[in-house]
Amino acid sequence: MTDTANSGGATDNTGKFTGLGAIYARSRPGYPAALLDRLVQCVAEDVAGTADTGTTAHSDGDGDPAAASGARAVVADIGAGTGKLTAELLRRDWAVIAVEPNDDMRAALVETIGEAERLTVVGAPAEHTTLAADTVSLVTVAQAFHWFDLEAFRAECRRILVPGGQAALIWNFRRAGEESVDAVIGAFRARVGGFTGLTLAEKVTDRELTQFFGGSHYERLEYDNDELITWDTFRERHLSLSFAPKEGDPVREPLIEDLHRIFNTYAVDGLYRFPNSTHVLLGEVR
């Protein structure tokens, strides 16, 4: 594993996640195997397509992970955070580049995953990854696209992706309409000023997705991803939300009391079934 320093400057939102690396690594949900199976299929289709056209990914001559024809496919996990998705990608036969601008998140990623021969860690923002052009078969973005500058990130994807390469925008969403989810929404709405939703990703519009992909050709996928979690994980997961009140905020303790009451109402034998769905937008960035 190699780790390169941030040479592209941080985005304005990078600092929002300082101090949250360990909490994210412990409490955030993972991703279903069926999603990874679909991404494997996507990369295989890309490799077949480049072989048919005689186009290959190339190296920049400086040891870039995306080497010449016959090398492993390269997947860039952008806004990798603590590496929840990165770890899953490494279980497939890919060279994986984790791009994450926040020092705390990147440190948690390295601590969680450890040394991995096929992993490169890059400290850079999504809009200026520092990766070589035409070297990446698949770009993945888990839980982060809504923080990016859309046009700048679109341009960066078009620069680093090989012809036919694709981007997968991924979010874990609490299932709407579940009683326990509605109760959590009610608690945040009552305690947190300006609350609009449990994830800012809910604000990403079809128009923005069409703008990013360069058309409406992208594929929509959804996977069940429920998990049984303890009170500690339930608490940390909600308090690590970007808009949750921080230590010292007078509404923090009342919110924790509300969350504890909700957990006790819906948990069985100390475990709460977190009603989670993984949503994916997958397609070429044209």
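See the structure shown above.
Residues numbered from 1 in each chain as written. Predicted model: local features only at pLDDT ≥ 70, side-chain atom pairs only at ≥ 80, totals over all residues. Heavy atoms only, no water.

Novice: Can you walk me through the side chain of His238 in this structure?
Specialist: With respect to the element layout, His238 can be found in helix H8 (residues 231–239). Not counting residues up to four positions away in its chain, the partners in contact with His238 are Arg174, Val184, Phe188, Ala244, Leu259 and Phe274. (Helix = DSSP H or I, 4+ residues; strand = E, 2+ residues; numbered from the N terminus. Contact = heavy atoms within 4.5 Å.)

Novice: Honestly, the environment of Ala144 in this entry has me stumped. Any pointers?
Specialist: Of note, Ala144 is situated in the loop between strand E5 (136–142) and helix H5 (150–160). The class for Ala144 is buried, based on a relative accessible area of 8%. Separated by 63 residues in sequence, Ala144 and Gly81 have C-alpha atoms that sit 8.5 Å apart. Not counting residues within four places of it along the chain, the set of residues in contact with Ala144 comprises Gly79 and Trp171. (Buried < 20%, exposed > 50% of the residue type's maximum accessible area, 1.4 Å probe, protein only.)

Novice: Hey, could you run me through the packing of helix H6 (residues 179–191) against helix H9 (residues 252–266) in this one?
Specialist: Helix-helix packing is described using two parameters, namely the angle between the two axes and the distance between the axes. Their axes nearest at 10 Å, the elements H6 and H9 cross at an angle of 170°. As summarised for this structure, H6 and H9 are arranged roughly antiparallel, according to the angle between their axes. Between H6 and H9, the residues in contact are Glu179, Ser180, Ala183, Val184, Ala187, Phe188 and Arg191 and Pro254, Leu255, Asp258, Leu259, Ile262 and Tyr266, respectively. Within the contact of H6 with H9, the residues separate by chemical class into nine nonpolar, one polar and three charged. (Axes fitted to C-alpha atoms, helices over the stretch in contact; angles between N-to-C directions. Parallel < 35°, antiparallel > 145°, perpendicular 65-115°, else oblique. Nonpolar A, V, L, I, M, F, W, Y, C, P; charged D, E, K, R; others polar.)

Novice: For this particular structure, what's the right way to read unusual backbone geometry?
Specialist: Where the residue is not glycine, phi is negative for most of them; where a peptide bond is considered, it is trans in most cases. Notably, Asp134 is not glycine yet its phi reads approximately 55°, a positive angle. Relative to the helices and strands, Asp134 resides in the loop between strand E4 (119–122) and E5. On the basis of relative accessible area, Asp134 is assigned to the partly exposed category, the value being 31%. In this structure, Asp269 is a non-glycine residue whose phi angle is positive, near 55°. Inspection of the secondary structure assignment puts Asp269 in the loop between H9 and strand E9 (272–274). Overall, the relative accessible area of 79% leaves Asp269 in the exposed class.

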